[in-house]
Amino acid sequence: MGFKCGIVGLPNVGKSTLFNALTETAAAQAANYPFCTIEPNVGRVAVPDERLQRIAAIARSAQVIETQIEFVDIAGLVRGAAQGEGLGNQFLANIREVDAIVHVLRCFEGGDVTHVEGRVDPLADAETVETELMLADLDSLERRVPSLAKKAAQGDKEAKVEASVLGQALELLRQSKPARLVQPKDAEEEKALARAQLLTGKPVLYVCNVDEGDAADGNALSQAVFAKAAAEGARAVVISAAIEAEIATMDPADREPFLADLGLTETGLARIIRAGYELLGLLTFFTAGPKESRAWTVERGARAPQAAGAIHSDFERGFIRAETIAYEDYLACNGEAGAREAGKLRSEGKDYVVQDGDVLLFRFNV
């Protein structure tokens, strides 16, 4: 599995410029006026992982296939969205469909780009968007929780679970706190909370869009955003959407020296993906052979049959075992044959918890 991130923020903070750069397309029109992105644009981009290239070289694979991440560029939100202002209803509907929120904040002072509220204050921008999401969730739960509580009192077990966990979310929202701070007491409550698709229940990655000169170390505005993220248990990264847009048009061979000249060691895309993986608790495992080497994504804690299911449902249904080599062992032993000979290839059963970097070969029977 990959994961789906919705790029959100106020108009003219650099969302569409970032989207274009990340997906190396011009699918989202970037223009200096609000709502130039009206329909959500969707792009899929390969997740860069040097480990895959090394594995493929050892396996002499004819093809290399990266795992992918999906970005959705969602129309800019304005104050009053929860009451349908601007493109509010559409914004809120689109954001329900994503796994995580990539919240782009303007952290540059340049006056040639118009800010929708006439000032540069990323913390106020973040509060504007968060407030609208909270108001939408509050309206939804104030209608749902009393009904669930009534059903729970009548003995409905499922309603009792939902009333408990959504009641916690409602209390948090009434205190102007997001639903992602809810702490479900068990797996049932966790599932009930996920089913509710609360806007403020989604994990958030703040992206501080800075000028080119601040891309390496950030600035005072981005530092304030990082402090906010730390206080919330969220993540934050610094990028320059302008730099990312330029990199997207470059020959790959020119990118590394260009980044080095700017004091950067990697692209903003790589930072966003790594932060996203951490935020969503994802890991990568690999399959390798002469035909292809491929990266796959599963949630941390996934067991071997679930990982097999990421490749094909038949693999999970008929799972027998997973022949497993740790990434470092695969490199050190120069591939599967060497690992087998050195005793580094393990046969793991249904209870094996997949580790990041595992090279797996599934045995199954359907």
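Whatever comes next refers back to the structure up there.
Computed from a prediction, not measured in an experiment: that's the story for all the values here.

For the protein chain, the count of helices and strands is 14 helices and 12 strands. For the protein chain, with 366 residues in total, the buried portion stands at 49%. Put simply, of all contacts in the protein chain between residues at least 6 apart along the chain, 69% involve residues at least 24 apart. In the structure as shown, the protein chain presents an accessible area of about 17,400 Å², 48% of it carried by carbon and sulfur atoms.

A one-sided burial pattern is seen for strand β2 (residues 41-46), the buried positions being Asn41, Gly43 and Val45 and the unburied ones Val42, Arg44 and Ala46. As paired elements, β2 and strand β4 (residues 68-73) share six bridges and run antiparallel to each other. Residue pairing across strands places Val42 opposite Val72, the latter belonging to β4.

What follows deals with the packing of aromatic side chains. Under the criterion given, the structure shown has four aromatic pairs. Judged by centre distance (6.5 Å) and plane angle (15 degrees), the ring pair of Phe285 and Trp296 falls under stacked. A residue pair is termed long-range when its members are at least 10 positions apart, and Phe285 in strand β8 (residues 282-287) and Trp296 in strand β9 (residues 292-299) qualify at 11 residues. You can call Trp296 buried: its relative accessible area is 11%. One aromatic cluster in this structure is built from Phe285, Trp296, Phe319 and Phe362. When the ring centre of Tyr327 is taken as reference, the NZ or CZ atom of Arg51 above it lies at 6.0 Å.

Moving on to the packing of helix α1 (residues 15-23) against helix α8 (residues 241-248). Taken N-terminus to C-terminus, the directions of α1 and α8 make an angle of 30 degrees; their axes are 8 Å apart at the nearest point. One element, α1, and the other, α8, form an angle in the roughly parallel class. Considering the relative orientation of α1 and α8, their crossing is left-handed. Taken together, the residues of α8 that come into contact with α1 (itself represented by Thr17, Leu18 and Ala21) are Ala241, Glu244, Ala245 and Ala248.

One recurring pattern in soluble globular proteins is that nonpolar side chains are buried together. Counting 51 residues, the largest nonpolar core has Phe71, Tyr206, Val207 and Ile272 as its most contacted members. Within the second largest apolar cluster, 20 residues are counted, among which are Val161, Ala169, Val182 and Ala192.

Remark: helix α4 (residues 122-153) packs on helix α5 (residues 157-174), axes separated minimally by 8 Å, with the N-to-C direction vectors making an angle of 145 degrees. For the crossing formed where α4 meets α5, the hand is left-handed. Residues Met134, Asp137, Leu138, Leu141, Glu142, Arg144, Val145, Leu148, Ala149, Lys151 and Ala152 of α4 form the contact with α5, whose own contacting residues are Ala159, Lys160, Glu162, Ala163, Leu166, Gly167, Ala169, Leu170, Leu173 and Arg174. Here the contact of α4 with α5 is built from residues that sort into 13 nonpolar, one polar and seven charged.

Let us now look at the sheet that holds strand β5 (residues 100-106). The strand order across the open sheet formed by six strands is β2-β4-β1-β5-β6-β7, and the pairing between neighbours is mixed. The sheet is open, and its two borders are formed by β2 and β7 (235-239), each paired with just one other strand. Across the sheet, the mean angle from the axis of one strand to that of its neighbour is 25 degrees, orientation sign disregarded. Bridging between strand β1 (residues 4-8) and β5 involves four bridges; their strand directions are parallel. Within the sheet, the bridge partner assigned to Val8 lies in β5 and is His103. Against the sheet, helix α7 (residues 220-232) engages β5, β6 (204-209) and β7, with an angle of about 175 degrees to β6.

With that settled, the discussion passes to the side chain of Ser240. Mapped onto the secondary structure, Ser240 falls in the loop between β7 and α8. Accessibility expressed as a relative area gives 1% for Ser240, which makes it buried. A polar contact is formed between the side chain of Ser240 and the backbone oxygen of Val210, at a distance of 3.3 Å. Residues contacting Ser240, with those up to four places away along its chain left out, are Asn209, Val210, Asp211, Glu212 and Ala215.

Because an α-helix packs 3.6 residues into every turn, residues spaced three or four apart end up facing the same way. Here α5 spans 26 Å end to end across 18 residues, near enough to the 26 Å set by a 1.5 Å rise per residue. Burial in α5 covers these residues: Ala159, Val161, Glu162, Ala163, Val165, Leu166, Gly167, Ala169, Leu170, Leu172 and Leu173. Residues of α5 that are buried sit in contact with α4 and α6 (187-195). Two to three positions downstream of the cap, the backbone nitrogen of Glu158 sits 3.1 Å from a side-chain oxygen, assigning the N-cap of α5 to Asp156. After α5 finishes, the residue Ser176 shows a positive phi value of roughly 65 degrees.

So, on to α7. With 13 residues, α7 ought to run about 18 Å at 1.5 Å a step, and its terminal C-alpha atoms sit 19 Å apart, in line with that. Among all positions of α7, only Leu221, Ser222, Val225 and Ala229 are buried. Burial along α7 is one-sided: seen end-on, the buried residues are contained in an arc of 90 degrees. α7 presents Ala220, Gln223, Ala230 and Ala231 as exposed residues on the side facing more than 90 degrees away from its buried surface. Considering only its buried residues, α7 is in contact with β5, α4, β6 and β7. For α7, the capping residue at the N-terminal end is Asn219, with a side-chain oxygen 3.1 Å from the backbone nitrogen of Leu221. Downstream of α7 by one or two residues, Gly233 has phi in the positive range, about 75 degrees.

Parameters and conventions
Residues numbered from 1 in each chain as written. Predicted model: local features only at pLDDT ≥ 70, side-chain atom pairs only at ≥ 80, totals over all residues. Heavy atoms only, no water. Helix = DSSP H or I, 4+ residues; strand = E, 2+ residues; numbered from the N terminus. Buried < 20%, exposed > 50% of the residue type's maximum accessible area, 1.4 Å probe, protein only. Contact = heavy atoms within 4.5 Å. Areas by Shrake-Rupley, 256 points an atom, 1.4 Å probe, with all protein chains shown as cover. Pairing = 2+ DSSP bridges. Phe/Tyr/Trp six-rings, centres within 6.5 Å; stacked < 30°, edge-to-face > 60°. Lys NZ or Arg CZ within 6 Å of the ring centre and 35° of its normal. Axes fitted to C-alpha atoms, helices over the stretch in contact; angles between N-to-C directions. Parallel < 35°, antiparallel > 145°, perpendicular 65-115°, else oblique. Left-handed = near helix turned anticlockwise from the far one by under 90°. Core = buried A, V, L, I, M, F, W, Y, C linked by side-chain atoms within 4.5 Å. Nonpolar A, V, L, I, M, F, W, Y, C, P; charged D, E, K, R; others polar. Polar contact = N/O pair within 3.5 Å; in protein donor to acceptor, adjacent residues only side chain to side chain. Expected span 1.5 Å × (residues − 1). Arc of directions from axis to C-beta.

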